[in-house]
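The lines below spell out each chain.
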Amino acid sequence: MASTLWSIVCVAGVWGFVICTIFFILRAFPARDRFEGRAALRWGAGVLLFFVVWVLGMMQA
């Protein structure tokens, strides 16, 4: 039987992953041949964090 809390964690993880990935692409590469390292680090950490939350939610739900 699936837990409602873990299902919510799973959905929040996947949406956070998608949103952080989009912002990573848009903020880390603002123009052609340009890379913003600080923004990439911040949004990349969010991508990894939400990916882990998503996988954890999938394992527990």
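Remember, predicted model here, so these are calculated numbers, not experimental data.

(A) Representation of the overall build of the chain within the structure. In terms of regular secondary structure, the chain is built from 2 helices and 0 strands. For 61 residues, the compact-globule estimate of 2.2 N^0.38 gives 10 Å, and the C-alpha radius of gyration of the chain, at 14 Å, exceeds that figure by more than 25%. For the chain, the spread of C-alpha atoms along the principal axes amounts to about 50 × 15 × 10 Å. Taken across its 61 residues, the chain has 18% of its residues classed as buried. For the chain, long-range pairs separated by at least 24 residues make up 61% of all intrachain contacts whose partners lie at least 6 apart in sequence.

(B) Up close: a nonpolar patch on the surface. A grouping of Val11, Trp15, Val18, Ile19, Ile22, Ile25 and Leu26 is seen on the molecular surface, where their side chains present a nonpolar patch of about 660 Å² in accessible area. Summarising the element assignment, Leu26 is placed in helix H1 (residues 4–28).

(C) Structural context of the pattern of salt bridges. Applying the stated criterion across every chain, the model contains 1 salt bridge. A salt bridge links Glu36 to Arg34, with the nearest nitrogen and oxygen atoms 2.7 Å apart.

(D) Structural view of unusual backbone geometry. The backbone phi angle of Asp33 is positive, close to 60°, even though this residue is not glycine. Topologically, Asp33 is positioned in the loop between H1 and helix H2 (37–60). Under the relative-accessibility criterion, Asp33 is labelled exposed at 82%.

Each value, and the rule that gives it
Residues numbered from 1 in each chain as written. Predicted model: local features only at pLDDT ≥ 70, side-chain atom pairs only at ≥ 80, totals over all residues. Heavy atoms only, no water. Helix = DSSP H or I, 4+ residues; strand = E, 2+ residues; numbered from the N terminus. Rg over C-alpha atoms; globule rule 2.2 N^0.38 Å. Buried < 20%, exposed > 50% of the residue type's maximum accessible area, 1.4 Å probe, protein only. Contact = heavy atoms within 4.5 Å. Patch = residues over 30% accessible without salt bridge, like charges linked within 9 Å, V, L, I, M, F, W, Y side chains within 5 Å. Areas by Shrake-Rupley, 256 points an atom, 1.4 Å probe, with all protein chains shown as cover. Salt bridge = Lys/Arg side-chain N within 4 Å of Asp/Glu carboxyl O.

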